[in-house]
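Chain residues, written in single-letter form:
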Amino acid sequence: MSGTYLGMPAFPVAAKEAVGNETLRGNLRHATHTIRDKRAKAVAELDDWALLREAGKRIKDHTLRHLDRYLVRLEESVTAAGGVVHWAADADEANRIVAELVKATGETEVVKVKSMATQEIGLNEALEAEGISAYETDLAELIVQLGDDRPSHILVPAIHRNRGEIRDIFRDRMGAWGRPAPDGLSDTPGELAEAARLHLREKFLRAKVGISGANFMVAETGTLVVFESEGNGRMCLTLPETLISVVGIEKVVPSWRDLEVFLQTLPRSSTAERMNPYTSMWTGTHDADGPSTFHLVLLDNGRTDTLADEVGRQALRCIRCSACLNVCPVYERAGGHAYGSVYPGPIGAILSPQLRGTQSEIDASLPYASSLCGACYDVCPVAIDIPEVLVHLRERVADQGGKGHRLEKAAMKAAGWVFDHPRVMAAGERAASKTRRLHPSKLPGAGAWTDSRDLPELPPESFRDWWKKHHNDRKDTGT
């Protein structure tokens, strides 16, 4: 994965700083509550939502079980339609392929439709190192890029910004990237959108190379599908002469019939719309229509390793709707940047540690960035049991060791020995009861747990002693 986020502190440290930012918390609370309330109403309109959810889960699980077959079918279909397929094992290989393809055109600028896969691999930074400028055209991604910022949400990358902040970014930074913002720009949505439209229009008309991701790839025809709400993506997909799509291998679906399920569930679960405003589909190349050259870069970058984990592989079902972020009490308060990954929130907490491994401090902390309340599972349109995977990954992190985990293992081992020796257990209970007035209200060395919890007060006698006394009393009275 890209080193873009390396060097950030682990989640607890980053989250503590984020929680102290009142403006950030206010922006997140307003946005997430608005989105999730709208989503709940949109989903409630469908009597068969539970059946659609189960269908999406089964389609994804079937495809992942036979991923090798469907990827080969996809390559054959794309090639037959005039496209060229490239296979990238990791971020470095994917970035090298894309950079070489762009340089072969002789161009030094590209326009991009929002793509989490290219953010995952750090493509913009890799292209910049090769002297190629990449311009984001999604409105929220444009705000992030102009503000020298990072995305903090899957659906709304600039969710942490309010309108006043966006106006200031446009006014101060647009000129350095192209057409400047109009004089006297206000923070009204209409004026901000118009400033972005004018700024981007010149880039669309000038660009010869477009770069995209894809929400889905249909194996039977080689068709790629992009969902977006603004129309900027369609400009990127149709105007340039060369189109390069970078897509994770898990995004394939077998057939158009399978795609139909997700055409219903993704819009309602993400933007709370009955139908997506712009659903763009393209199959290879066509004379006098769209790009004359099409390249598909299929990205692994840890996905095959994730697929090998019977519990963790369900994270690859994700269709990037972001519903889990909008209901998560942890994300709502900490925001996306605290996760140290392009994939924030509950899905990021299980996906990033699998794609990148759990060796780094950041990734080892992510499975613990959850209250395990289960709200994320309840809203997931493909029924990913995120709490189950979180617990599974916590076990993996614990098995790696580390100071805290070594101490925990030693404590558990000691407790196991005591439980296996009833006399020792009974003696310990009596000693604890007799010294109960001397016990502290907080356990030394466990402040993270006891700072907000008092230790339970021990009874004057253990249950064993109580039972023995009362049982004998009943025998003596004949009861």
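Each value, and the rule that gives it
For every chain, the first residue of its written sequence is number 1, and the numbers climb from 1 along that sequence. It should be noted that, the model being predicted, local features are given only for residues of pLDDT at least 70 and side-chain atom pairs only at 80 or more, the latter also being counted only at that level, while totals for whole chains, interfaces and linings use all residues. Side-chain metrics in this entry use all non-hydrogen atoms of the structure; hydrogen atoms and water are not considered. Only DSSP runs of H or I with at least four residues qualify as helices, and only runs of E with at least two residues qualify as strands; both kinds are numbered from the N terminus onward. Burial classification: accessible surface area is computed with a 1.4 Å probe over protein chains only, and a residue below 20% of its type maximum counts as buried, one above 50% as exposed, and the rest as partly exposed. Contact between two residues is taken to exist if any of their heavy atoms lie within 4.5 Å; hydrogens are not considered. Surface accessibility follows the Shrake-Rupley procedure with a 1.4 Å probe radius. Residue values consider only the protein chains on display as shielding. Charged residues are defined here as Lys and Arg on the positive side and Asp and Glu on the negative side; His and the ends of the chain fall outside this count. Here the site of a charge means NZ on Lys, CZ on Arg, CG on Asp, or CD on Glu. Should DSSP find at least two bridges between two strands, the strands are regarded as paired. For helices, the fitted line uses only the C-alpha atoms of the stretch in contact; every axis is such a line through C-alpha atoms, and the angle between N-to-C directions lies from 0 to 180 degrees. Note on angle classes: values under 35 degrees are labelled roughly parallel, values over 145 roughly antiparallel, values of 65 to 115 roughly perpendicular, and the remainder oblique. For this classification, the nonpolar set comprises Ala, Val, Leu, Ile, Met, Phe, Trp, Tyr, Cys and Pro, the charged set comprises Asp, Glu, Lys and Arg, and every other residue, Gly included, is treated as polar. Remark: nonpolar core denotes a set of buried residues (Ala, Val, Leu, Ile, Met, Phe, Trp, Tyr, Cys) joined through side-chain atoms within 4.5 Å. Our arc is simply the arc of the directions from the helix axis toward the C-beta atoms. Under this definition, polar contacts are N or O atom pairs within 3.5 Å; protein pairs additionally need one hydrogen-donor-capable and one acceptor-capable atom, and for neighbouring residues in sequence, both atoms have to be side-chain atoms. In the sections that follow, a salt bridge refers to a side-chain nitrogen of Lys or Arg positioned within 4 Å of a carboxyl oxygen of Asp or Glu. Multiplying one less than the number of residues by 1.5 Å gives the expected span of a helix.

- Identification of the protein chain as LutB/LldF family L-lactate oxidation iron-sulfur protein from Streptomyces scopuliridis is taken from an unreviewed UniProt entry.

Re the overall build of the protein chain
Thought 1: Broken down by element type, the protein chain carries 23 helices and 10 strands.
Thought 2: A principal-axis box enclosing the C-alpha atoms of the protein chain has dimensions of 100 × 55 × 45 Å.
Thought 3: Here the protein chain holds 479 residues, and the buried ones make up 49% of them.
Thought 4: Long-range pairs, those at least 24 residues apart, make up 74% of the contacts in the protein chain between residues at least 6 apart in sequence.
Thought 5: Accessible area for the protein chain stands at about 23,300 Å²; split by element, carbon and sulfur atoms hold 53% of it.
Thought 6: Of the charged side chains in the protein chain, 59 are positive and 66 negative; the average position of the first set lies 7 Å away from that of the second.

Comments concerning the sheet that holds strand β5 (residues 216-218)
Thought 1: Overall, mixed pairing links the 4 strands, which are arranged β8-β5-β6-β9 in an open sheet. Each having just a single partner strand, β8 (252-253) and β9 (278-283) make up the two edges of the open sheet.
Thought 2: When β5 meets strand β6 (residues 223-228), the two strands line up antiparallel, connected through 3 bridges. Pairing of V218 across the sheet is with T223, part of β6.

What about the packing of helix α8 (residues 139-146) against helix α9 (residues 163-177)?
Describing two packed helices takes the angle between their axes plus the distance from one axis to the other.
Thought 1: In the contact formed by α8 and α9, the axes pass within 9 Å of each other and the chain directions differ by 75°. Of the possible angle classes, the one that applies to α8 and α9 is roughly perpendicular. Taking contact as the criterion, the partners of L139, L142, I143, Q145 and L146 in α8 are, on α9, I166, I169, F170, R173, M174 and W177.
Thought 2: Looking at the contact of α8 with α9, its residues break down into 9 nonpolar, 1 polar and 1 charged.

Things to note about the nonpolar core
Thought 1: Ranked by internal contacts, the top residues of the largest apolar core, which has 100 residues, are F11, L74, F170, F216, L296 and I350.
Thought 2: Sequence-distant contacts of F11, defined by excluding residues within four places in its chain, comprise V330, A334, A338, Y339, S365, L366 and A369.
Thought 3: Among the nonpolar cores identified, the runner-up in size contains 21 residues, and I97, I121, V209 and I244 belong to it.

Comments concerning helix α1 (residues 11-19)
Thought 1: Burial in α1 covers these residues: F11, A14, A15 and A18. Angular distribution of buried residues about the axis of α1 spans 100°; they occupy a single face of the element. Facing away from the buried side of α1 by over 90 degrees, the exposed positions are P12, V13, K16 and E17.
Thought 2: Where α1 is buried, its residues touch α2 (22-44), α15 (329-334) and α17 (361-365).

Some points on the side chain of T223
Thought 1: Here T223 shows up in strand β6.
Thought 2: Within the local environment of T223, its side chain forms a polar contact with the side chain of T221, the two groups lying 2.7 Å apart.
Thought 3: In terms of polar contacts, T223 uses its side chain to reach the side chain of T283, at 2.6 Å.
Thought 4: In this view, T223 contacts F216, M217, V218, W256, M281, W282 and T283; residues no more than four positions away in its chain are not counted.

A word on the side chain of E228
Thought 1: Mapped onto the elements of the fold, E228 is located in strand β6.
Thought 2: One buried charged side chain, E228, makes no salt bridge at all; its nearest oppositely charged neighbour is R234, positioned 5.3 Å away.
Thought 3: Among the polar contacts made by the side chain of E228, one reaches the main-chain amide nitrogen of E230 at a distance of 3.4 Å.
Thought 4: Apart from the residues lying within four places of it in its own chain, the contact partners of E228 are G233, R234, N276, P277, Y278 and S280.

Thoughts on the sheet that holds strand β3 (residues 133-136)
Thought 1: Here we have 6 strands laid out as an open sheet, ordered β1-β10-β7-β4-β2-β3, and parallel in their pairing. Of all the strands in the sheet, the pair left with one neighbour each is β1 (84-88) and β3. Pairs of neighbouring strands in the sheet enclose a mean axial angle of 25°, with direction left out of account.
Thought 2: Relative to strand β4 (residues 209-212), strand β2 (residues 109-112) runs parallel, the two sharing 2 bridges. Across the sheet, the residue bridging to K112 is I211, located in β4.
Thought 3: Each of β1 and β10 (293-299) is contacted by helix α4 (residues 67-80), which is oriented at about 145° to β1, the strand it contacts most.

Thoughts on the pattern of salt bridges
Thought 1: Per the counting criterion, the structure on display carries 26 salt bridges.
Thought 2: Between E332 and R36 there is a salt bridge, with the nearest N and O atoms lying 3.7 Å from each other. Pair noted here: E332 is in helix α15 and R36 is in helix α2, with a separation of 296 residues, a long-range link.
Thought 3: Its relative accessible area of 9% is what places E332 among the buried residues.
Thought 4: Taking relative accessible area as the criterion, R36 reaches 25% and is therefore assigned partly exposed.
Thought 5: A salt bridge links E461 to K469; its shortest N-O distance comes to 3.8 Å.

What to know about the environment of R96
Thought 1: By the element assignment, R96 lies in helix α5 (residues 91-105).
Thought 2: Owing to a relative accessible area of 41%, R96 belongs among the partly exposed residues under this scheme.
Thought 3: For the pair formed by R96 and L123, sequence separation is 27 residues and the distance between their alpha carbons is 9.2 Å.

With respect to helix α19 (residues 386-400)
Within an α-helix, residues lying three or four positions from one another point in the same direction, as the helix has 3.6 residues per turn.
Thought 1: Over its 15 residues, α19 extends 21 Å from the first C-alpha to the last, a length consistent with the 21 Å expected when each residue adds 1.5 Å.
Thought 2: Within the sequence span of α19, burial applies to I386, P387, V389, L390, L393, R394, V397 and A398.
Thought 3: Looking one or two residues past α19, G401 carries a phi angle of roughly 90°, positive in sign.

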